[in-house]
Each structure stands twice: as C-alpha cells, then as structure tokens.
Amino acid sequence: NSSPGPAPAGRRLFAGRCTGRQEPEGSDPFEAHPGTAAQIVWQWQARMSVDEDSGGKADDAVDRPAAPKMVPARDASGSLIKDAKGNPVMISLDSSDGGFVKEDTPNIPEGTSWFGFSEEFVEFFKYSIFLGLFCVVVFGPRNAEPFYMVKAMDDFFLSNEFDYGVSFSSLTSLGQFWTFMNATMMPNVFPMYGLNGELISRPAQRFLSDGSNYRIGAVRFRTIRVKDGLCKVPESLYNAPEGWGGDFEDDDEFKPPIDACYPTYNYVEKDYLEPEEGDKFMPMKKYNNESKLCFKYRKDTKQPVYTSTVTGITYSGNGYVIDLGVEEDPDDPGRCGLEDLYDDEGYISPTPGPTAFAPSPDPSIYPTPYPTMKPTGYKTDMESRAQEQLNMLKASEFIDRATRATFVEFTVYNANADMFVLVRLCVETTSSGTVIPTAQVMPARLLTAYRVLAGDGVKGKEYGFMWCEFALYILALGYLVGEVMEWWTVSNLYRKGEHPHGYFCGWNIVDLVNLGLFAAVAVQRMIMIFQISKMVEAGSFTKPEFNVDVQNAVEFGNSVDTMNSINAVICFIKLFKYLDSHPSLGQFTRTISQAQNDLGSFMLVIIIVLTGFGIAFMLAFGHDKSSYMTFSMSFLTLFEGMLGNLDSEMLHNPSILGPILFAWYVIFMIFVVLSMFLSIVDNAYSIVREKMEDSMDEVDPLSRDVGWCLGIPERMVTGILGFFFNLAHRIDRIVPESDDGGAAALEGQDGREGEAKEEEPIEPEVDVDQAMESDEKFVAYTATYKKTIDSLGELKESQRQLNDMLSVINKHLKKVDHPGHS
C-alpha cells in the first residue's frame, strides 16, 4: 500500500470530527496532518512513547533516535490490530518527523465489510436507510389537512366580519369584543338552528355550525388580572382638590381622579402580580347586587401558558374561570355563589335599579336575542345558559382596568381528518389601555397511534407507518449506544493521554443533539399514547366540562412536531458527515471547519453592531413604529434588513434621525459587514480547493461503490440482453444433423480436447455482378449492398484525391500572387 487513504467511516471517531481546521505547515501536527482515526491514535501513542524516551519532553529540541521506532498499531477503539496469524501489526515512526507517520508510511490494512464494499459506503448506506425511515415516519402521514383545519377555524372566528370591516383580528375596543362574542362566537360554537332553519337535535349541538367539527367539552372564558396597589398613583392626582367632585364629594362612594394603579403583566413575576389562590372577585358588589355574583381566582387549572405573537408577553394558565353552557357545580373551586344567579324557575335574577354609575343592561342592546323564556329541553338549554352567562359577564363588567388578558378557549375534533384542533382567542388589555387581539389555532393528530395499537378501524398504511416509526427508534437507539461506547473509549484514551482531543467536539456534538432529540420524541410519543388511552377509558371526549387534558395533549403533540422539524435539518446536514471523504461534496464541511475561527469572531462583530443600532432605532422610533417598539423587535427587524428586507420607509421619516440612522446602518451592515462575511467564506473555500486539487481526479471509495451500485440495473439489462444474443448466436450456428443420424454439434464447441477438427471446404468466391443477377433474393440483396459499399468507398477515395489536388493548386496560386514569399 502507498500513502494513507481517506478514513473509513466506521473508524472516523476523530478524523473529520475533532481534528479541527487544517492549519498550514509548521503548526500543530495534530491539526495539520489529516488521516484516519486509527492513524491519529497511533501517532499520538508514538509521540508519547518518544517523549518517554526523551525524559518526558515533547519539545522539538529533544534529540530523537535516528532509527525508526516500532510501535503496535491500534484501531479507533484502542484495541490492537492483529494480522492473520494473530500477531500485533507494528508500524514504523520516523524520528525526524517528531514521532508522526509520514505520507509514505505503508497503510494499515483497513479490512472490508459487506461483500468487499468500503466502510465509507457501508456507513453511508446504513445512514441512508435511517434517513429514509425518518422521512417516511415524519412526512408520510402528513398532508394538507392541518392547513385546511386551521383555515376553517380562521374563517369561522378570526377573519369572519361581524361588522363592516371589523373581525376578531381587527378588534380595537372591548365593546367590539363583546359584540364579537354575541354575533360570531355564540352562533358558531353553540348553534341552535340548522341550514333549514329548524332547531337542531341534541347531538348536533355539540358540533360547530359547519356540522363537521365536534366540540370537545365546554368553551372556557378566562381572565387574568393583576392586583391593585402594586404601583403608586402620584399624590397630585390621587388627592382631589376641593370642589372637584361637586355634589358627590360627600358621597361615601366618591373617588379621587385616579383611585388605583394596575401594573403591566410579567410572567416571571406572576406570583407577585396575580391574585392569590381563592381570592374573591365580586364584580357586582359595587352595585349592591343581591345576587352576590362571586368568582375565585384559580391557579390549579393546569392549562398551558400562552405567548402573545404581538406583545411577546407570556401569560399563565391561571385566572378567573367560567365554562359557558355548563350547569353550575356547587363544588366548583372557581365559583362562590353562582347558584344565586338563577331563581327557582330558571330565570336570571333581576339586577338592581339603575344608578348614576352603572345603568342596568337593556336587552335591546345585544345583537342576539336576550334569553327571557325558561329553557325547554336540550335543544335550547345549553345555548341559552351560555348566552345568559355571557350577558351576565358583560353586565357585571367582568373585564375592567385590572384585566390584562381575556381568553376564549375550546377544542374540536374532526373525524374526517382524524385531527384535534385547539383554538385559543386572546384579547390583551395592556396597561396603556390598548386592546390587542391574538389567536392560537393548533392542530394535532392524537388518536392515530392509539387507534393503530388498539386496532380501531385504521387503514393498512397506518400500520406500516407505525412499524417504520418503531424501526426508526430502534436504529436511533443503536446509534445512541454506539455514541456512548465511543464516548467511553475516547474519554479513557484522553485521560491516559493517548488521544489529543476529548469526545465533545465537531460531529460528536451534532450526533448527541440529533440522537437526544430522537430519544425525547420517542419518550413523548409513548407518554402521549398512554395519556390518550387514559382519556379514552375515562370517556373524557364526551363529557360536557372543559377538557384541560385534551388541551395539554394538543400542545404536547405540537412539541413533538417542533422537535422533529429541528431534527429534520440536523439529519440532512449530517449527510455531509458521511460524504466527507468525497472530494467535491466534502468541501462544505471543510470550508466551515476552515473558517470557523474567523466566523466566530465575525459573529461577535455582527452582534455588537446590531445591538448598537437596535438600541438607537428603539429609542428613536419605538414610540411610532411597532417594528421597533422593543429592543428584541428592533434587533430582529434590523437582522431582517441584513437579509434584504430593508425598512425603506425610514428614509421618509419626518424625523431627521430616520434617514441618518438608515444610511449609517446600510453602510455598516450591508457594505462592510456582509462584505467581510463573504470574504471570509470565499477565502476559506479557496484554501480548501487548493488543498483538494490533487485529489479531485482520484476516485474515492464511496464514489466507486456508489457508482457500482448505480450501475447494477445497467449491468442486469446488459447481461440479460447478452444472454439472449449469445443464445440466438449459438442456435444460429448449430450444424444440421448428418445423414447417418448423428447428434447435432455446435461449431467449434465439440468439447473434445486434442482432436483436430476437420476443416470444411471453402466455396469459391462469386463475382458481385453475377450475384446481383441471382434468382435468390437474399443473394441478390446482399450483392447489391456490397456493391453499394464498394462504390461509396471508391467515391470517398476519389474525393480525397480531389482535395489533395485542390490543396496543391491553392499553394501554387499563393506563390504566384506573392512572388516575394518563398
């Protein structure tokens, strides 16, 4: 063998992973010398052996022994490599090279695997199977149904206009919110009439108005409030001047201009800002309502958090809760005295007479009919109860200055798509009084895996997807075990000083993140199947109460999709790990490795410049443009500008700072910083190309084996066609049976050795012109063909002679025209 070739994929524990960028000559040999993993281990062991002979010194000034030193070769796991007789394979080390193997050192036998294929190809083949299973499991069951489910909910609730040009997505006041609840939410979630105008049946009332989406449990109305007294009102506004209240100053209910202060909500300080568990809220108390309407603050709802896509504020799952349409439960921890809202006949209790501060509600102001009759039967019971509760919440000013977020939440199931959809509508009332509507519509397939395991009427392909998923996790577990074994081996070698790097570097980190995500997904899938089975056994999907477990399961299922989306990028990026030995495809990872130090410093430059401009734009335009209202929004907006989405409106900003800051940003980030980035990558790519020029024409083992596999169909077709051609040729050359009844024999294929075959007499040649006049058509056609070929040959020869003659004449004419030139 000649110089060492590319590292086998099975032994690439360190090469291509932890050797870092290749440094120019004269730097650390561990960084400058590319080689197989086993060679790196051998080199390190050899260097340590030489250092021990030199008194423990590794300096180049130490005299090295002139004679080559022989050391046993070890593979990537640290085990001795033995020959066919069981003796350790020894390698020689040139002392003049500091104990490292030179390029002309004979290569160690790497062995073959799987019918002589290279180890690079074997590892690439195994990972291709793993990646294929991942694609089948993740992308196979998916289609456009999740998008259409989200679109259906958007059409029903978010973009459905209840007033001219006003929908939920464009709410600007609480009055519009209450109108939305009565005009859009109630008719779609609690339908009373079908398309024919008749009252619908009891089971049909559990569907949305489209008749396709089944509502799981009740609709929850929840508000998050903050406590009073956490911020202080200025004395100049709290103490009202004399005569400010007019005739009402002597009233016990008289209040100063600003009587309370309610801070901005912050999830980190939720325990400090929110009311305590069980704190009572009696919205009708200030009106001396005899019904004593009362709510208790709940922190045991177990609902998931919600993060606004506009303000970025994260809200907890706590709050004052009421489930619309559900009969009141005396043991409900969130209510205290709701049973007093209804009298014995089922009517809503009367409210006190109008006062100067709060007039009683007028039934005519509600967009939908105000329920005044006693509910009769289930056809109107649930809708009427929900409508009464909603009217009561509005009349009692359930949403006030202390409210920071109002949620309307429910879950539906579509049997046609076998999919759950979580709908969470949120109206934020900021401390400044702004009303900001946001929504979360989240689809998830929760029952599919459970139905496959339970045999609950699923299609055959679902079983195939489940088996592929099981095989995927088995392969992932095998890769994870291999990584653990590698970590153990490398760590032991590193502690003994027999390996220059630890385990946690390069591709090893990518592998750990990738396999860790696979393990997390597998565990979450098992937990989700177990939770779904418990809900099915308990009949949770048909209960009228709000189902928190389904809401959490949908969130849990979407977290699986989130991890799979990250894993999809990592899995496909890992292909370059197995293509690293390819001269062309390996340039991607080598370029990143070459430029990693410069890119790391460059990222710091980007962060510094973006931070400065982000603060500047936020301070200058945060009050005017939503893109810069916070530092994080400003930072992201400017980062988008680096990618080409520049906010050109800043050039027309009334403030002089707009054009100035915009021009500075373009000069610094677009002209300078991005040019530096491109130069760093281009320089690294040029270095990599220079180093690989010598090996570009070589055929690496991976390309050779892949090319052989891709040529299998061609070889099969060629072989089949060749078999039939040979068979036809052999049949055509069979000698007819002799008159004496002897068996037919193949010409030249008698199989008898040493026995000279009798030559057949050669018939005399026949003149072509005579053959053309033959009565046998085959002979005449053949002679005509031969005559034509001969004529074409003669014509070609005549043409050649004519060209030669014309060439001589041309030269002669040139001499005549230019007599001075020889």
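Small disclaimer: the values here were computed from a predicted structure and weren't measured.

**Points about the overall build of the protein**
Part 1 of the argument: Looking only at helices and strands, the protein features 20 helices and 11 strands.
Part 2 of the argument: Taking all 822 residues of the protein together, the buried fraction comes to 39%.
Part 3 of the argument: Long-range contacts, defined here as pairs at least 24 residues apart, represent 66% of the contacts in the protein between residues at least 6 apart.
Part 4 of the argument: Only carbon and sulfur atoms are counted for the fraction: they give 58% of the accessible area of the protein, which is about 47000 Å².

**Looking at helix α5 (residues 174-189)**
Part 1 of the argument: Methionine 181 marks the point of greatest bend in α5, at about 35 degrees.
Part 2 of the argument: Taken together, the buried positions of α5 are occupied by Phe177, Trp178, Phe180, Met181, Asn182, Thr184, Met185, Met186, Asn188 and Val189.

**Focus: the sheet that holds strand β3 (residues 213-225)**
Sheets are built from strands that pair by backbone hydrogen bonding, the pairs being arranged parallel or antiparallel.
Part 1 of the argument: Across the sheet, five strands lie side by side as β8-β3-β9-β10-β11; this open sheet has antiparallel pairing. The open sheet terminates on both sides in strands that have one partner only, identified here as β8 (320-324) and β11 (435-444). Taken over all neighbouring pairs, the strand axes of this sheet differ in orientation by 15 degrees on average, direction set aside.
Part 2 of the argument: Bridge count for β3 against strand β9 (residues 403-414) is 10 bridges, and the pairing is antiparallel. Note on β9: the bridge partner recorded for isoleucine 216 is threonine 411.
Part 3 of the argument: Running over the sheet, α5 touches β3, β8, β9, β10 (419-429) and β11 and is turned about 15 degrees from β9.

**Points about the nonpolar core**
Part 1 of the argument: Met153, Phe157, Phe177, Met181, Met185, Phe221 and Leu425 are the most contacted members of the largest nonpolar core, which totals 53 residues.
Part 2 of the argument: A per-element tally of this core places α5 first, with seven residues.
Part 3 of the argument: Leave out the neighbours within four places in its chain, and leucine 425 touches Phe157, Leu158, Phe168, Phe180, Met185, Thr406, Phe407, Val408, Thr438 and Ala439.
Part 4 of the argument: Among the nonpolar cores identified, the runner-up in size contains 22 residues, and Tyr127, Val137, Tyr479 and Leu702 belong to it.

**Side note on the packing of aromatic side chains**
Part 1 of the argument: Counted by the stated rule, this structure contains 40 aromatic pairs.
Part 2 of the argument: Ring geometry for phenylalanine 281 and phenylalanine 398: centres 5.9 Å apart, planes at 55 degrees, overall tilted. Of the two residues, phenylalanine 281 is situated in strand β4 (residues 280-281) and phenylalanine 398 in the loop between α8 (378-395) and β9; the sequence distance between them amounts to 117 residues. Neither phenylalanine 281 nor phenylalanine 398 differs from the other in exposure class; each is buried.
Part 3 of the argument: In textbook terms, an aromatic cluster arises when at least three aromatic residues are bridged by ring pairs, as seen for Phe177, Trp178, Phe221, Phe281, Phe295, Tyr297, Tyr320 and Phe398.
Part 4 of the argument: In this structure, arginine 715 is placed above the aromatic ring of tryptophan 708, and the distance from its NZ or CZ to the ring centre is 4.4 Å.

**Re the pairing of β11**
Part 1 of the argument: Burial analysis of β11 places nine of its 10 residues in the buried class, which makes it a mostly covered element.
Part 2 of the argument: The pairing of β10 with β11 spans 10 bridges and is classified as antiparallel. In the strand pairing of β11, valine 427 is matched with proline 437.
Part 3 of the argument: Counted between consecutive antiparallel strands, the loop separating β10 from β11 contains five residues, among which glycine 433 sits at a positive phi close to 95 degrees.

**Observations regarding the pattern of salt bridges**
Part 1 of the argument: Summed over the entire model, instances satisfying the criterion amount to 19 salt bridges.
Part 2 of the argument: Salt-bridge contacts for aspartate 300 lead to arginine 298; the nearest nitrogen and oxygen are separated by 3.2 Å.
Part 3 of the argument: Exposure remark for arginine 298: the relative accessible area of 12% places this residue in the buried category.
Part 4 of the argument: One salt bridge in this structure joins arginine 525 and glutamate 469, with 2.8 Å as the shortest N-O distance. Remark: glutamate 469 occurs in helix α10 (residues 460-495) and arginine 525 occurs in helix α11 (residues 507-538); sequence separation between them is 56 residues. For the residue pair arginine 525 and glutamate 469, the accessibility class agrees, reading buried in each case.
Part 5 of the argument: One continuous salt-bridge network, built from bridges that share partners, spans Arg222, Glu409, Arg424 and Glu555.

**Here we look at the state of the cysteines**
Part 1 of the argument: Under the defined criterion, the tally for this structure stands at one disulfide.
Part 2 of the argument: Paired by a disulfide, cysteine 231 and cysteine 261 hold their sulfur atoms 1.8 Å apart. The disulfide joining cysteine 231 to cysteine 261 has a torsion of about -115 degrees about its S-S bond and is therefore left-handed. One end of the pair, cysteine 231, is in the loop between β3 and α6 (235-238); the other, cysteine 261, is in the loop between α6 and α7 (270-273), with 30 residues separating them in the sequence.
Part 3 of the argument: Overall, cysteine 231 belongs to the partly exposed group, its relative accessible area being 22%.
Part 4 of the argument: Cysteine 261 sits in the partly exposed class, given a relative accessible area of 21%.
Part 5 of the argument: Of the cysteine sulfurs around cysteine 135, a residue in no disulfide, the closest is that of cysteine 571, at 8.1 Å.
Part 6 of the argument: With relative accessibility at 23%, the residue cysteine 135 sits in the partly exposed group.

**Let's talk about the environment of alanine 152**
Part 1 of the argument: Summarising the element assignment, alanine 152 is placed in helix α4 (residues 145-158).
Part 2 of the argument: Relative accessible area serves as the criterion here: at 23%, alanine 152 is assigned to the partly exposed category.
Part 3 of the argument: Taking C-alpha positions, alanine 152 is 9.5 Å from aspartate 210, a pair spaced 58 residues apart along the chain.

**Thoughts on a nonpolar patch on the surface**
Part 1 of the argument: On the surface, Ile656, Leu657, Ile660, Trp664, Ile667, Phe668, Phe671, Val672 and Met676 cluster together into a nonpolar patch covering about 870 Å² of accessible area.
Part 2 of the argument: Inspection of the secondary structure puts isoleucine 656 in the loop between α15 (631-642) and α16 (657-692).

**Overview of the packing of α15 against α16**
Between two packed helices, both the angle of their axes relative to each other and the distance between the axes serve to describe the pair.
Part 1 of the argument: Contact geometry of α15 with α16 gives a least axis separation of 10 Å together with a crossing angle of 50 degrees. Between α15 and α16, the angle falls in the class oblique. The interaxial crossing formed by α15 with α16 has right-handed handedness. Contacts between α15 and α16 involve Leu638, Phe639, Gly641 and Met642 on the former and, on the latter, Tyr665, Met669, Ile670 and Leu674.
Part 2 of the argument: Considered class by class, the residues forming the contact of α15 with α16 number seven nonpolar, one polar and no charged.

**Describing the confidence of the model for the protein**
Part 1 of the argument: With 69% of its residues at a pLDDT of at least 70, the protein reaches an overall mean of 75.
Part 2 of the argument: Segment residues 338-379: pLDDT under 50, and 61 contacts once partners within four positions in sequence are set aside and those in other chains are kept.

**Observations regarding unusual backbone geometry**
If a residue is not glycine, its phi is most likely negative; likewise, a peptide bond is most likely trans.
Part 1 of the argument: One non-glycine residue, lysine 302, lies in positive phi territory at about 60 degrees.
Part 2 of the argument: The phi torsion at glutamate 397 lies on the positive side, around 55 degrees, for a residue other than glycine.
Part 3 of the argument: One can find glutamate 397 in the loop between α8 and β9.
Part 4 of the argument: Accessibility expressed as a relative area gives 34% for glutamate 397, which makes it partly exposed.

**Observations regarding the environment of asparagine 414**
Part 1 of the argument: By the secondary structure assignment, asparagine 414 is in strand β9.
Part 2 of the argument: Look at asparagine 414 and you get buried, because its relative accessible area is 6%.
Part 3 of the argument: Each C-alpha atom, one on asparagine 414 and one on tyrosine 214, is 6.3 Å from the other, the two residues being 200 residues apart in sequence.
Part 4 of the argument: Look past the residues within four positions of asparagine 414 in its chain and what remains in contact with it is Met149, Ser212, Asn213 and Met419.
Part 5 of the argument: Polar contacts involving the side chain of asparagine 414 include one to the main-chain amide nitrogen of asparagine 416, which spans 2.9 Å.
Part 6 of the argument: Within the structure, the side chain of asparagine 414 is placed 3.0 Å from the backbone nitrogen of alanine 417, a separation counted as a polar contact.

How each quantity is defined
- Position labels on residues start from 1 in each chain and follow its written sequence.
- Given that the model is predicted, a residue must reach a pLDDT of at least 70 before its local features are reported, and side-chain atom pairs must reach 80 or more before they are shown or counted; all residues, however, enter totals for whole chains, interfaces and linings.
- Neither water nor hydrogens contribute to the side-chain values; these are computed over all heavy atoms in the structure.
- Secondary structure elements follow DSSP: runs of H or I of four or more residues count as helices, runs of E of two or more count as strands, with numbering from the N terminus.
- Buried means the residue's accessible area, taken with a 1.4 Å probe over protein chains only, is under 20% of the maximum for its type, while exposed means over 50%, and partly exposed covers the values in between.
- The contact definition used throughout considers only heavy atoms, calling two residues in contact when any of these lie within 4.5 Å.
- Areas reported here follow the Shrake-Rupley algorithm with a probe of radius 1.4 Å; residue values treat only the protein chains shown as occluding.
- To obtain the bend at a residue, axes are fitted to the seven residues ending there and to the seven starting there, and the angle between these axes is taken.
- Whether two strands pair comes down to DSSP finding at least two bridges between them.
- Convention adopted: a line fitted to C-alpha atoms gives each axis, helices being fitted over their contacting stretch, and angles between N-to-C directions are expressed from 0 to 180 degrees.
- The definition of a nonpolar core used throughout is a set of buried Ala, Val, Leu, Ile, Met, Phe, Trp, Tyr and Cys residues joined through side-chain atoms within 4.5 Å.
- Note on aromatic pairs: the rings of Phe, Tyr and Trp (six-membered ring only in Trp) are paired at centre separations within 6.5 Å, and the planes decide the class, stacked below 30 degrees, edge-to-face beyond 60, tilted for the rest.
- Here, a charge over a ring means that NZ of Lys or CZ of Arg falls within 6 Å of the ring centre while also lying within 35 degrees of the ring normal.
- By salt bridge we mean one thing: a side-chain nitrogen of Lys or Arg within 4 Å of a carboxyl oxygen of Asp or Glu.
- Defined by distance alone, a disulfide is two cysteine sulfur atoms within 2.5 Å.
- Residues form patches when they are more than 30% accessible in relative terms and have no salt bridge. Like charges link within 9 Å. Nonpolar side chains (Val, Leu, Ile, Met, Phe, Trp, Tyr) link within 5 Å.
- Here roughly perpendicular refers to angles of 65 to 115 degrees, roughly parallel to angles under 35, roughly antiparallel to angles over 145, and oblique to all remaining angles.
- In this scheme the crossing of two helices becomes right-handed for a clockwise turn of the near helix relative to the far one and left-handed for an anticlockwise turn of less than a right angle.
- Throughout this entry, Asp, Glu, Lys and Arg are counted as charged residues, while Ala, Val, Leu, Ile, Met, Phe, Trp, Tyr, Cys and Pro are counted as nonpolar. The remaining residues, Gly among them, count as polar.
- A score from 0 to 100, pLDDT tells how confident the predictor is in each residue.
- Pairing of N or O atoms within 3.5 Å defines a polar contact, subject to two protein rules: one partner must be a possible hydrogen donor and the other a possible acceptor, and residues neighboring in sequence count only if both atoms are side-chain atoms.

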